[in-house]
Amino acid sequence: MSIPIETVRHVAALARLHVDEATLPALTEQLSNILNLVNQLNELDTQDVVPMSHAVDMPTPERPDIVVNTQRKEALLANAPDVAQGHFQVPKIIE
Amino acid sequence: MTLVQAASLLRTRQISAQELTTAFLERIQRLNPIINAFITVDHEGAMQAAKQADARLNNGTATPMTGIPIGVKDLFCTENLTTTCGSKMLAQFRPPYESTVTRKLKEAGAVILGKTNMDEFAMGSSNETSFFGPVKNPWDISRIPGGSSGGSAAALAAQLALATIGSDTGGSIRQPAALTGITGLKPTYGRVSRSGMIAFASSLDQAGPMAWSAADAAMVLHTIAGYDPLDSTSIQADVPDYVNALATRMDGIRIGIPTEYRPDNLNAEIQKALTEAEQTFRDLGASLVPISLPHTRYAIPTYYIIAPAEASSNLARYDGIRFGYRCDDPKDLKDMYTRSRNEGFGAEVKRRIMLGTYVLSSGYYDAYYRKAQKVRRLIADDFHQAFQHVDLILTPTTPTTAFPLGDKIDDPIAMYLSDLFTISVNLAGLPAMSIPCGADQLGLPIGMQMIAPILKEDKLLSAAHAFQTATPWHQRKPEP
Amino acid sequence: MSHDPLYEMVIGLEVHAQMRTRSKIFCGCSTTFGAEANTQICPVCAAFPGVLPVLNTELVQMAIKTGLAVHGKIREKSEFSRKNYFYPDLPAGYQISQFELPIIEQGELTIERDDGSHKRIGITRIHMEVDAGKSLHEGIQGASWIDLNRTGTPLLEIVSEPDLSTPQEAGAYLKKLRAILRYLQVCDGNMEEGSLRCDANVSVRRHGHTKLGTRTELKNLNSIRNVMRAIEYEANRQIDILESGGSIVQETRLWDANINASRPMRNKEEAHDYRYFPEPDLPPLVITQQRIDAVAQHLPELPDAKRQRFVRDLGLSEYDAGVLTATREMAMFFEESVQQGAHPKTAANWISVELLGRLNRENLEIEQSKVSPNHLGRLITLIQNNEISGKIAKQVFDIMFETGANPETIVQEHGLKQVSDTGAIESIIAQVLADNPQQVQQYREGKTKVMGFLVGQVMKATQGKANPTAVNAILQDKLTG
């Protein structure tokens, strides 16, 4: 099985990755090969198997509704590439 | 010198933590340019910690870990100490918080020498995908040390630390441990908190110790294990005293030998080392039982759906807004996203994000992701059934010994297959260890894997300790 | 309704209700509204590397309450999922939500239609999810700013069945749902501030057809009135297209309240592939029957039950009971007034006519009333005890409304206490009769209507303070005696 180049472009757009046209065929081939590998799973009948999302079967814990006011605005903005007046700044969002 | 020996010298004040730390820092300074095991060396922080450790050793508030110089894989967030995850994306990232694992180590008085190299975002089996360059195997610097915790393994093998912390998603502790001749333990999923450990595949990732012996690993695990209210997937169970549980005999222990882990084409030297190890276990009083784990061959396909799917989502937060790399002069929002991510991530990371995005996308979810989750259960059930009959399972850790740098980096599938024997354990959430059990003709280490039921790390460590009491393999060290 | 009678509308509503927990859904940051930008954030809600979510137990309690209130089925095991999309105000690049296994399914609520009939509206599901942050655009040159304070505020998404057939029904559904959420004290229900948000799915079909038409999703509906107007507009737009031979495009449309029209949202690229999968950082949420029972025991009386009780036990009309149970605050006001000894019917009357009349005129909510329910109850008690007349009570009420003072003090200070002392009344009556011999004469000749005039004269002389019953009795006595 080989996936269409168009699908790879679409997936790249979904993942917000830019793929150079030049590298697209090679990437498409690699992904196709990996998908061929994973397609082995189709040999198995899994009709009645319950999907396993977690390694250990346990319920989620819950925490009390308590405000922990960290007041760490400066520390949390310190790694941002672009900050303006206490906000994270990004190129204009057009709706 | 092992961690246990160093702890004894520190406790009896025959050596100070500052002397010990200085010695390791000097060795790092000399050898790290060759091995490239550390991305960041924290001289100042380490000396500061060593000074505090000496104070604790003097005033009686020390723990067995106080003053022990260690290395930590560079995906554990350390407050105000750069944490790169082996990626250009986070090359400048200074976390404003501390991972639970490093917090516990610091509280115990351990001295963190620095952050060890790794495959980018822990995606790789050779440590060649690191933005900070490949790590060299101290046994032969033309060879890879394994990955993704390659820096932690090589640092230990080159004696740049007394213990290191790694993380294991599909074998990332055990595979490099095997290839560098050290002891590595991947605990039960949820035994060690993931809080502050940068995620690759959330349902598979688990932190664990890498050390020279099972006894050393037991001490480190005891320090980092336990329930953490900051991690909803951490298990609410008491932490046993792993050190006291260590035994030297294995009478009555049943060890399962799964046929699926001895393929005909298995490297003959590895086959031979395993056969010898089996005899050692018999001599120690254990019995060997042939077992079957019939879904083993589906582990790699299952893993390469689940892990990339989770990764594609986990890595969506690297958008160049709050932290991490942002491209120069983005022309609009979309350009900022795509170019920052394109320039910030390496090829393997992007490949896995693409794969994960694809298998989750509309129309493919049932065929890939849900299917993989179902097979995951079949694989886990294989183990649960086997553990009705045996206490431990013994397998090789890797299909080959350390391979040369550049050998597989352009062939993703060949690289993926090097995790053949380690991946099932992560899918099932089980604890497993790799310990040295031999050497090939070139003198490269061979590792064997032992697998235990959920939360039976004590059984694992005990068996490893018994083996190490009876054999010298773990004491072999590469020439300096 | 102005739309073509050949068509019927099929409407479903998706309501997002911000839950009034103190801290956020997965971290300890405060949920307070209106703080300085990015001061209520932490590594968890700002999605820094390696940090993990831990569920707020109070949110689960609130979801159970809401589920019980709409007679929903509460899942023993529900599951969180990730909804993946890139947007600057969504820091993780995914929203933690519930997808395949929501906490609540198969609920319902009953609305009252304009003709007084009732209609059951199905609630498909209710699930928990995180709110996103805010993007600021206005007045910023070439850039947008991100404030993550709201990120991680807990939401319940309440999805109705497409059971609604008119904008009025949609309005009634929203009012009812909002009342329930407020009764439960789980949500402020403030659509203008965004603590309650509503999207509408609208399609039309010819009467008698069973196949659903292509639907559109309406967003940016920040009041119940806008929800109704947007649905009306959308149905007419769709009918116009169908009537002119066109077909409906499935799309999301933004309502613009300024021009009373909607426009298609700029197609967000790949917006529709959210790549949901179970959230690996959160094991399943398990809710025991014991826990549900414990919540049920403390569930407050809800509007429908209250209305029925007001009619059945307190003798109110359906209409009055409806008005007084429309909001929790109104019902509490009424009940507290009655607790002071006011007769329920009288209290209902005073609240719905006098109090709500004045509040409406001044554009105030009942929570803003200076007249407390306690004081109103006491005012009514004064009337019932013949201490003041109904007419004087209205004067007292006006002062209470302005000042918030208690009725006894006002009566005291303004000397408004009713005169029931028969001696005092008798002497005033004697004076009135002496001053009006002509009317006395007329009365005795059988023109009993002049009685009213004479009573008026007595009341005037006492400035309205004389007890009217006593005045009537004594006058009668004097005139016929």
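Predicted model, so just to flag it, every value in this text is computed and none were measured. (Residues numbered from 1 in each chain as written. Chains lettered and ligands numbered in written order. Predicted model: local features only at pLDDT ≥ 70, side-chain atom pairs only at ≥ 80, totals over all residues. Heavy atoms only, no water.)

### Section: the overall build of chain A
Then, in step 1: Looking only at helices and strands, one finds three helices and three strands in chain A.
Then, in step 2: Mapped from its N terminus to its C terminus, chain A presents α and β elements in the order α-α-β-α-β-β.
Then, in step 3: By the compact-globule yardstick of 12 Å for 95 residues, chain A is too spread out, its C-alpha radius of gyration being 23 Å.
Then, in step 4: Looking at chain A residue by residue over its 95 residues, the buried ones come to 51%.
Then, in step 5: Contacts in chain A between residues far apart in sequence, at least 24 positions, make up 32% of those at least 6 positions apart.
Then, in step 6: Placing the 6 positive and 13 negative side-chain charges of chain A at their respective mean positions leaves the two points 17 Å apart. (Helix = DSSP H or I, 4+ residues; strand = E, 2+ residues; numbered from the N terminus. Rg over C-alpha atoms; globule rule 2.2 N^0.38 Å. Buried < 20%, exposed > 50% of the residue type's maximum accessible area, 1.4 Å probe, protein only. Contact = heavy atoms within 4.5 Å. Lys, Arg positive; Asp, Glu negative; His and termini not counted. Charge placed at Lys NZ, Arg CZ, Asp CG, Glu CD.)

### A few points about the interface of chain B and chain A
Then, in step 1: Of the residues lining the interface, 65 residues belong to chain B; the matching set on chain A comes to 51 residues.
Then, in step 2: In this assembly, chain B packs against chain A so that about 5100 Å² is buried in total across both faces, 69% of it on carbon and sulfur atoms.
Then, in step 3: Per-residue buried area on chain B facing chain A is highest for Met354(B), Lys374(B) and Arg377(B); these three make up 13% of the total on that side.
Then, in step 4: Summed over the shared surface of chain B and chain A, the number is three salt bridges.
Then, in step 5: For Glu43(A), the salt bridge is made with Arg297(B), and the minimal N-O distance between the two is 2.9 Å.
Then, in step 6: Where chain B touches chain A, the interface holds 18 residue pairs in polar contact (both at pLDDT 80 or more).
Then, in step 7: Every element with two or more residues in the side of chain B that touches chain A is listed here: helix 9 (299-314), helix 10 (333-344), helix 11 (347-360), helix 12 (366-386), helix 13 (412-417) and helix 14 (423-428) of chain B. (Buried area = accessible area lost by both parts, 1.4 Å probe. Salt bridge = Lys/Arg side-chain N within 4 Å of Asp/Glu carboxyl O. Polar contact = N/O pair within 3.5 Å; in protein donor to acceptor, adjacent residues only side chain to side chain.)

### Brief notes about the packing of aromatic side chains
The geometry of an aromatic ring pair comes down to the distance between the two centres and the angle between the two planes.
Residues and elements named next belong to chain C.
Then, in step 1: Summed over all chains, the structure comprises 27 aromatic pairs over all chains.
Then, in step 2: Each ring, one from Phe99 and one from Tyr276, has its centre 3.7 Å from the other, and the planes form 5°; the classification is stacked. Here the residue Phe99 occupies a position in the loop between strand 6 (94-97) and strand 7 (104-112), and Tyr276 occupies one in the loop between strand 15 (261-264) and strand 16 (277-278), the gap between them amounting to 177 residues.
Then, in step 3: Here Phe397 and Phe401 contribute two aromatic rings whose centre-to-centre distance is 6.1 Å and whose plane-to-plane angle is 45°, an arrangement assigned as tilted. Within this pair, Phe397 and its partner Phe401 are both found in helix 10 (residues 390-403), separated by four residues, close to a single helical turn. An identical accessibility class is assigned to Phe397 and Phe401; each is buried. (Phe/Tyr/Trp six-rings, centres within 6.5 Å; stacked < 30°, edge-to-face > 60°.)

### A look at helix 13 (residues 437-444) of chain C
Residue and element names in this part refer to chain C.
Then, in step 1: Where helix 13 is concerned, the buried positions are Gln439, Val440 and Tyr443. Projection of helix 13 onto a plane perpendicular to its axis shows the buried side chains occupying an angular sector of 105°, all on one side. In this structure, helix 13 carries Pro437 and Gln438 as exposed residues pointing more than 90 degrees from its buried face.
Then, in step 2: Elements in contact with the buried residues of helix 13: helix 12 (422-435), helix 14 (450-461) and helix 15 (468-480). (Arc of directions from axis to C-beta.)

### Details of the nonpolar core
Then, in step 1: Residues Met65(B), Phe121(B), Phe281(B), Phe383(B) and Leu461(B) are the most contacted members of the largest nonpolar core, which totals 193 residues.
Then, in step 2: The residues contacting Phe383(B), other than those within four sequence positions of it, are Tyr261(B), Leu293(B), Ile393(B), Ser424(B), Ala428(B), Leu430(B) and Ile451(B).
Then, in step 3: Counting residues in hydrophobic clusters, the runner-up holds 69 residues, among them Leu221(C), Ala230(C), Ile231(C) and Trp255(C). (Core = buried A, V, L, I, M, F, W, Y, C linked by side-chain atoms within 4.5 Å.)

### Quick word on the interface of chain C and chain A
Note: interface size is frequently given as the accessible area lost on complex formation between the parts.
Then, in step 1: Each partner contributes to the interface: chain C provides 54 residues, whereas chain A provides 39 residues.
Then, in step 2: Here chain C meets chain A over a buried area of about 4000 Å², counting both sides, of which 57% is carbon and sulfur.
Then, in step 3: Our count for the contact surface shared by chain C and chain A stands at two salt bridges.
Then, in step 4: Residue Arg291(C) pairs with Glu62(A) through a salt bridge whose shortest N-O separation is 2.8 Å.
Then, in step 5: At the boundary of chain C with chain A, the tally comes to 24 residue pairs in polar contact (both at pLDDT 80 or more).
Then, in step 6: Contributions of two or more residues to the side of chain C that touches chain A are made by strand 2 (55-56), helix 1 (57-69), strand 9 (134-136), strand 10 (143-147) and strand 17 (285-286) of chain C.
Then, in step 7: Sort the elements by how many residues they give to the side of chain C that touches chain A and strand 10 of chain C lands first, with five residues.
Then, in step 8: Of the pairings in the sheet, the one linking strand 1 (residues 62-63) of chain A to strand 2 of chain C comprises two bridges and is parallel in character. If you follow Glu62(A) over to strand 2 of chain C, its bridge partner there is Leu55(C). (Pairing = 2+ DSSP bridges.)

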